[in-house]
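Now for the letters of each chain:
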Amino acid sequence: MTTHSNAYEETDVDLDLLQDDVLDDEDTSSGYDNDTLSSDALGTEGLGTEGLELEERQALRRVVGMSTELTDISEVEYRKLLLERVLLVGVWTDGSAEDAENSLAELKLLAETAGSEVLDGVIQRRKKPDAATFIGSGKVTDLRNLVASLGADTVIADGELAPAQLRNLEDKLKVKVVDRTALILDIFAQHAKSKEGKAQVELAQLQYMKQRLRGWGGNLSRQAGGRVGAAGGGIGGRGPGETKIETDRRRINTKISKLRRELKDMKGTRSTMRQERRRHSIPSVAIAGYTNAGKSSLLNNMTGAGVLVENALFATLDPTTRRTTTSDGRVYTFTDTVGFVRHLPHDIVEAFRSTLEEVADADLLLHVVDGSHPDPMAQIQAVREVLNEIGASDVPEIIVINKGDLADPMALAPILHRETGAIVVSARTGEGIDKLRALVEASLPSPNVPVDLLLPYDRGDLVSRIHSEGAVDQLEHTADGTRLTARVHADLAGDLVQYGVAAH
């Protein structure tokens, strides 16, 4: 059985799409004759294409390797039944061609994680996205032909589409159109497991949907008149000419308010747990980083947490906190957080703010980077943008380059040179984990109040607290009790004052 990636030939659809055309719709509408129009005129007349090479902006650039390869026959039949057949489209506005292709490759992984079959991907070179159709009206015609040739039922845009862009593209392409934000929200909705996670995702979805109701069909503009009955919309929906879209938006606002109240209550529970750890002066280490960089694998390797590990984007959304101990017996916590991605939707950041506060309140941040990724520096930049947005930019940070067994040492050299203190590990093989654990222990805040104590044997609870919350320098069992010198935090030192040994 042939795969869908081979379902068309170049004779049916010119892969260059516009190489045989001199102008797209935008340029021909300017009134110039094709034979007399110069390249200078093209640079000034083309909407949002000033300064771009003529050949680059005349054609949709096809990205090689976008098709989802299906080899197992049972998998093919399964996906035929369940998976959407999608075509990816991006706009290359700045950076190199490699940057644009990396972004579309990440969109491909997101689409496959959401449960889609990727047929192909194309990129349009523009100075900025077209305000009406994202890729320009001339390119929409070519995209429609490609959609028909491939048999795609969904187009995914590598960017956030305005409501007008969404509506215009769906009207012209005659298939469903979604943007990068909607795709990420869909993945979050599939992977959220806890009550808090589901509420956070639903809140983000409603906030996104509220601004785009107008883009999902013309029937939303019909009037809900002032009389009782179907036309009136019932109690609460009647009014002087209230439209259905206004009624729906009001219902969404009500649901958003309810979800925010629920999340506020859940945030109180999370804050109480954090305060309890603070009361006992338990240091906390937060694991943050790009999605699928191996954060959960690292947590399992460091603590034996048993968290779900899967080679997929956003496999785990719910934060996990586990206790572990240093080599000298001090207790501290590891917290695994939601993964980040470039252009992470603002609604997601806002909805998951209570979860992300675990990072802002941490004593140390392990910033995990996928060493095998084609552009790890872009991952670091994307994560730091989100950390800055949630107020976690001042937390002490250790760059942990994971998947060192798969990474190219030459590709890692610039990161190790730029990020002082970075460490290369492999959560799969265990390489570098012991070195990382020692680095974490050395970076944790240490107790700094020295005490010299003689504790009665019936106060073993205090000895246990000193071991778990402080650092014991010397311990001796005498006839009168346990004699020890240690360093503890200020709160514990206050509880031990009565057992202090007077200095001679």
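Where an unreviewed UniProt entry is consulted, the protein appears under the name GTPase HflX, with the organism given as Kribbella orskensis. In its Subcellular location (unreviewed entry) section, the UniProt entry covering the protein states "Cytoplasm". Turning to the protein, the UniProt annotation filed under Sequence similarities (unreviewed entry) states: "Belongs to the TRAFAC class OBG-HflX-like GTPase superfamily. HflX GTPase family."

Here's the deal with the sheet that holds strand 11 (residues 364–370)
Across the sheet, which stays open at both edges, the 6 strands sit in the order 9-10-8-11-12-13 with mixed pairing between neighbours. One side of each edge strand has no neighbouring strand; the edge strands of this open sheet are strand 9 (320–325) and strand 13 (423–424). Two elements, strand 12 (residues 397–402) and strand 13, share 2 bridges in a ladder whose sense is parallel. Within the sheet, the bridge partner assigned to Val 400 lies in strand 13 and is Ile 423. The sheet contacts of helix 16 (residues 433–443) involve strand 8 (284–289), strand 9, strand 10 (331–336), strand 11, strand 12 and strand 13, and relative to strand 11 the element is tilted by about 150°.

Points about the packing of helix 11 (residues 295–303) against helix 16
Two measures define how a pair of helices packs: the angle their axes make with one another and the distance between the axes. Helix 16 packs onto helix 11 with a crossing angle of 80° between their chain directions and a minimal axis gap of 11 Å. Relative to helix 16, helix 11 is oriented roughly perpendicular. Counted together, Leu 298, Asn 301 and Met 302 of helix 11 and Ile 433, Leu 436 and Arg 437 of helix 16 form the full contact between these two elements. Across the contact of helix 11 with helix 16, the residue classes break down as 4 nonpolar, 1 polar and 1 charged.

Section: the environment of Leu 387
Note on placement: Leu 387 falls in helix 14 (residues 376–389). With relative accessibility at 4%, the residue Leu 387 sits in the buried group. Apart from residues lying up to four places away in sequence, Leu 387 is in contact with Phe 340, Val 359, Leu 365, Ala 392 and Ser 393.

Quick look at helix 9 (residues 195–210)
With 16 residues, helix 9 should cover 22 Å at 1.5 Å per step; its first-to-last C-alpha distance of 22 Å lies within 8% of that length. Three or more residues of helix 9 are buried, namely Glu 196, Gly 197, Ala 199, Gln 200, Val 201, Leu 203, Ala 204, Leu 206, Gln 207, Tyr 208 and Lys 210.

Notes on the packing of aromatic side chains
Going through the model one piece at a time under the given rule, you end up with 1 aromatic pair. Note that Arg 125 overlies the ring of Trp 92, its terminal NZ or CZ placed 4.2 Å from the centroid.

Some details on helix 7 (residues 163–173)
For helix 7, the set of buried residues is Gln 165, Leu 166, Leu 169, Glu 170 and Leu 173. Viewed along the axis of helix 7, the buried residues span an arc of 125°, placing them on a single side of the element. Buried residues in helix 7 make contact with helix 6 (137–150), strand 4 (154–157) and strand 5 (176–179). Two residues or fewer after helix 7 comes Lys 174, characterised by a positive phi angle close to 65°.

With respect to the pattern of salt bridges
When the charged atoms of two side chains lie near each other, side chains of opposite charge can form a pair. As enumerated under the stated definition, the model contains 17 salt bridges in all. Salt-bridge contacts for Lys 176 lead to Glu 84; the nearest nitrogen and oxygen are separated by 3.0 Å. With a gap of 92 residues between them, Lys 176 in strand 5 and Glu 84 in strand 2 (residues 84–92) connect regions that are remote in the sequence. Judged by its relative accessible area of 37%, Lys 176 falls in the partly exposed class. Of the residues examined, Glu 84 reaches a relative accessible area of 31% and is grouped as partly exposed. Asp 248 is the salt-bridge partner of Arg 251, the closest N and O atoms lying 3.9 Å from each other. One end of the pair is Arg 251 and the other is Asp 248, both in helix 10 (residues 244–279) and 3 residues apart, which spans about a single turn. When its relative accessible area of 53% is taken as the criterion, Arg 251 is described as exposed. The exposure class of Asp 248 is buried, given its relative accessible area of 16%. When salt bridges with common partners are traced through the structure, they connect Glu 106, Asp 158, Arg 180 and Arg 342 into a single cluster.

Some points on the confidence of the model for the protein
Per-residue pLDDT for the protein has a mean of 76; in total, 73% of the residues score no lower than 70. Taken as a whole, residues 1–49 scores under 50 in pLDDT and shows 76 contacts with residues more than four places along the chain or in a different chain. Confidence drops under pLDDT 50 across residues 223–232; counting only partners more than four residues distant or on other chains, this segment forms 23 contacts.

Let's talk about the environment of Gly 294
Within the fold, Gly 294 resides in the loop between strand 8 and helix 11. For Gly 294 and Ala 427, which are 133 residues apart along the polypeptide, the C-alpha to C-alpha distance reads 7.3 Å. Beyond its immediate stretch of four places on either side in the chain, Gly 294 contacts Val 368 and Asn 402.

Quick notes on the nonpolar core
One finds Leu 298, Phe 334, Phe 340, Leu 366, Leu 436 and Val 440 to be the most contacted residues of the largest nonpolar core, which totals 77 residues. Not counting residues up to four positions away in its chain, the partners in contact with Leu 298 are Leu 366, Val 368, Val 400, Val 425, Ala 427, Ile 433 and Leu 436.

Overview of unusual backbone geometry
Although it is not a glycine, Asn 292 sits at a positive phi angle of roughly 65°. Here Asn 292 falls in the partly exposed class, since its relative accessible area comes to 23%. Here His 343, not a glycine, exhibits a phi torsion of approximately 60°, which is positive. In this fold, His 343 is placed in the loop between strand 10 and helix 12 (346–351).

Quick notes on the environment of Ala 111
Here Ala 111 lies in helix 5 (residues 97–113). Owing to a relative accessible area of 0%, Ala 111 belongs among the buried residues under this scheme. In this structure the C-alpha to C-alpha distance between Ala 111 and Arg 85, which are 26 residues apart in sequence, comes to 9.9 Å. Excluding residues that lie within four positions of it along the chain, Ala 111 makes contacts with Val 86, Leu 88, Ser 116, Val 118, Ile 156 and Leu 183.

Calculation rules
Residues numbered from 1 in each chain as written. Predicted model: local features only at pLDDT ≥ 70, side-chain atom pairs only at ≥ 80, totals over all residues. Heavy atoms only, no water. UniProt positions renumbered as here; feature names shortened; annotations may be inferred. Pairing = 2+ DSSP bridges. Helix = DSSP H or I, 4+ residues; strand = E, 2+ residues; numbered from the N terminus. Contact = heavy atoms within 4.5 Å. Axes fitted to C-alpha atoms, helices over the stretch in contact; angles between N-to-C directions. Parallel < 35°, antiparallel > 145°, perpendicular 65-115°, else oblique. Nonpolar A, V, L, I, M, F, W, Y, C, P; charged D, E, K, R; others polar. Buried < 20%, exposed > 50% of the residue type's maximum accessible area, 1.4 Å probe, protein only. Expected span 1.5 Å × (residues − 1). Phe/Tyr/Trp six-rings, centres within 6.5 Å; stacked < 30°, edge-to-face > 60°. Lys NZ or Arg CZ within 6 Å of the ring centre and 35° of its normal. Arc of directions from axis to C-beta. Salt bridge = Lys/Arg side-chain N within 4 Å of Asp/Glu carboxyl O. pLDDT = per-residue confidence, 0-100. Core = buried A, V, L, I, M, F, W, Y, C linked by side-chain atoms within 4.5 Å.

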